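A structural walkthrough
Below, each chain spelled out in residue letters.
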Amino acid sequence: MTASPTDRFAAPRPVPKPGILDIHAYVGGKSKVEGVAHPVKLSSNENVLGSSDKAKAAYRDAVDRMHIYPDGKANILREAVAKRFNLEPERLTFGDGSDEIFALLCQVYLEPGDNIVQGEHGFAAYAIGARACQGEVRMAKEINHRIDIDEVVKCVDERTRLVFIANPANPTGTWLTGEEIRALHAALPPSVILVLDGAYSEFCSDPRFEDGLDLARAAENVIVTRTFSKLHGLAALRVGWGYAPPHIIEPLERIRPPFNTSIPGQEAAVAALFDDDFQARSLALVEQWRPWLTQQLGGLGLEVTPSAANFVLATFPTAPGKTALEAEAFLASKGYLVRAVANYGLPNAIRITIGLEEQNRAVVDLLAEFLGR
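A brief structural summary.

Reading the values: the criteria
- Residues numbered from 1 in each chain as written.
- Predicted model: local features only at pLDDT ≥ 70, side-chain atom pairs only at ≥ 80, totals over all residues.
- Heavy atoms only, no water.
- Axes fitted to C-alpha atoms, helices over the stretch in contact; angles between N-to-C directions.
- Helix = DSSP H or I, 4+ residues; strand = E, 2+ residues; numbered from the N terminus.
- Left-handed = near helix turned anticlockwise from the far one by under 90°.
- Contact = heavy atoms within 4.5 Å.
- Nonpolar A, V, L, I, M, F, W, Y, C, P; charged D, E, K, R; others polar.
- Core = buried A, V, L, I, M, F, W, Y, C linked by side-chain atoms within 4.5 Å.
- Buried < 20%, exposed > 50% of the residue type's maximum accessible area, 1.4 Å probe, protein only.
- 1 Å grid on protein atoms, 1.4 Å probe; cavity = no way out; pocket = protein on both sides within 12 Å on 5 of 7 lines; lining within 4 Å.
- Points joined across faces, edges and corners; volume = space filled by probe spheres on them.
- Phe/Tyr/Trp six-rings, centres within 6.5 Å; stacked < 30°, edge-to-face > 60°.
- Lys NZ or Arg CZ within 6 Å of the ring centre and 35° of its normal.
- Salt bridge = Lys/Arg side-chain N within 4 Å of Asp/Glu carboxyl O.

As a further point, take the packing of helix H4 (residues 97-109) against helix H5 (residues 124-132). For the pair H4 and H5, the least separation of the axes is 8 Å and the interaxial angle reads 35 degrees. Once H4 is placed against H5, the crossing between them reads as right-handed. In this structure, H4 contributes Asp 99, Phe 102 and Cys 106 to the contact, and H5 contributes Ala 125, Tyr 126, Gly 129 and Ala 130. Within the contact of H4 with H5, the residues separate by chemical class into 5 nonpolar, 1 polar and 1 charged.

Attention now moves to the nonpolar core. Ranked by internal contacts, the top residues of the largest apolar core, which has 41 residues, are Leu 77, Val 81, Val 163, Ile 165, Leu 194, Phe 228 and Trp 241. Ranked by residue count, the leading element in this core is helix H10 (residues 263-273), at 5 residues. Excluding residues that lie within four positions of it along the chain, Trp 241 makes contacts with Val 81, Phe 85, Leu 87, Leu 92, Thr 93, Phe 94, Ile 101, Leu 213, Val 224, Thr 225, Arg 226 and Phe 228. Of all hydrophobic cores here, the second largest spans 37 residues; its members include Ala 199, Val 312, Phe 316 and Val 338.

Enumeration according to the criterion identifies 5 cavities of 30 Å³ or more in this entry. Of the volumes computed, that of the largest cavity is approximately 90 Å³. What lines the largest cavity is a set of 17 residues, and nearest its centre among them are Gly 122, Glu 142, Ile 147, Ala 166 and Ala 169. Within the residue set of the lining of the largest cavity, elements represented by two or more residues are strand E3 (115-119), strand E6 (146-147) and strand E7 (160-166).

Our next topic: the packing of aromatic side chains. One pass over the full model with this rule turns up 11 aromatic pairs. Ring geometry for Tyr 200 against Phe 311: centres 5.3 Å apart, planes inclined by 80 degrees, an arrangement best described as edge-to-face. A residue pair is termed long-range when its members are at least 10 positions apart, and Tyr 200 in the loop between strand E8 (193-197) and helix H8 (213-218) and Phe 311 in strand E12 (residues 311-315) qualify at 111 residues. Relative accessible area serves as the criterion here: at 4%, Tyr 200 is assigned to the buried category. Take Phe 311: its relative accessible area is 0%, and that puts it in the buried class. Taken together, the ring pairs connect Phe 102, Phe 123, Tyr 126 and Phe 164 into an aromatic cluster. Sitting over the ring of Phe 370, Lys 322 keeps its end group 5.7 Å from the ring centre.

A few words on the side chain of Gln 118. Position of Gln 118 among the secondary structure elements: in strand E3. Aside from chain neighbours lying at most four places away, what touches Gln 118 is Phe 123, Tyr 126, Ala 127, Val 137, Arg 138, Met 139, Ala 140 and Phe 164.

In this section: the pattern of salt bridges. In total, this model carries 22 salt bridges according to the counting rule given. The closest approach of N and O atoms between Arg 159 and Asp 114, which form a salt bridge, is 2.7 Å. You can see Arg 159 sitting in the loop between helix H6 (149-155) and E7 and its partner Asp 114 sitting in the loop between H4 and E3, a full 45 residues away along the chain. For Arg 159, a relative accessible area of 30% translates into the label partly exposed. Given a relative accessible area of 3%, Asp 114 falls into the buried group. Its salt-bridge partner being Arg 208, residue Asp 206 comes within 3.0 Å of it at the nearest N-O pair. By relative accessible area, Asp 206 is classed as partly exposed at 23%. Each member of the salt-bridge network shares a partner with another, and the members are Lys 73, Arg 78, Glu 253 and Arg 256.

Structure below.
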């Protein structure tokens, strides 16, 4: 039973506000396994090519300024993002990864009893941010692991404040066309903010895909977020950004922690943003090996969800000895870490980051061994 405000005041020790202890803490992809000194990590959708050499150089150049507070407005990065994407710099905000921006949106717009809407397999950070603000989380049913616009709209009511759509989605890799995103936006009340999480948007090359920036420029209730953690390989530095109308950005800036992005992070991100060669090589690797991995896993009898991200989702049979959890454990015992996604409502699936050629081939060979193929 959750303590009432009066009970909390009289309690013998501090008591969290209602709902906090019901939140399941975020669990990242595994990075180590007992008995394996240097496992191959394909569990967190990191860039397997590492980071841009230009970004590394910028990071090293910032070392002598570790005693100085960073620019709270991240102006060097603000100007770089604005230039790269032809955006108005005053309509940008920067976060400790895009995750922080999701949390700030919940803090600004949710009161207890308000709700957010997301897909039933949506990224966990959305729900954590909402529940921390005593908001309700509504899960819209997905069709074939894909957001269904009608189901999202069904979940919206007068207490809905935010609709979160990852495009492409994590952990499924599915995506919505620009036409579908615009249709969803048109169906939402103007008081509801459509949050377009573009963490994996660079990996979708289909001409029907749109990154949402033009929609956010024209609409009053859209924010697009992006991250430097995936394509740019700067996951350790935690840098993300958001683009929205000024009336959405301004309240976020009022509560944003004053020094939430570091000097090394800002400067490495600027360098990465303009390293076209590194980005091209990273995209080419995914474009080459994503269809190959999809075809090979399908050939083993697994159901592979069509992906537009830098990972694939493979669904296993439920027969004892052949389940997704057992497959994850088997691969780990051989030094290959992938991600079981039961906590995303997908108990029979694992998510596999696209790796280097030898890593992709090894995963397929090991799964063939596991499945007795």
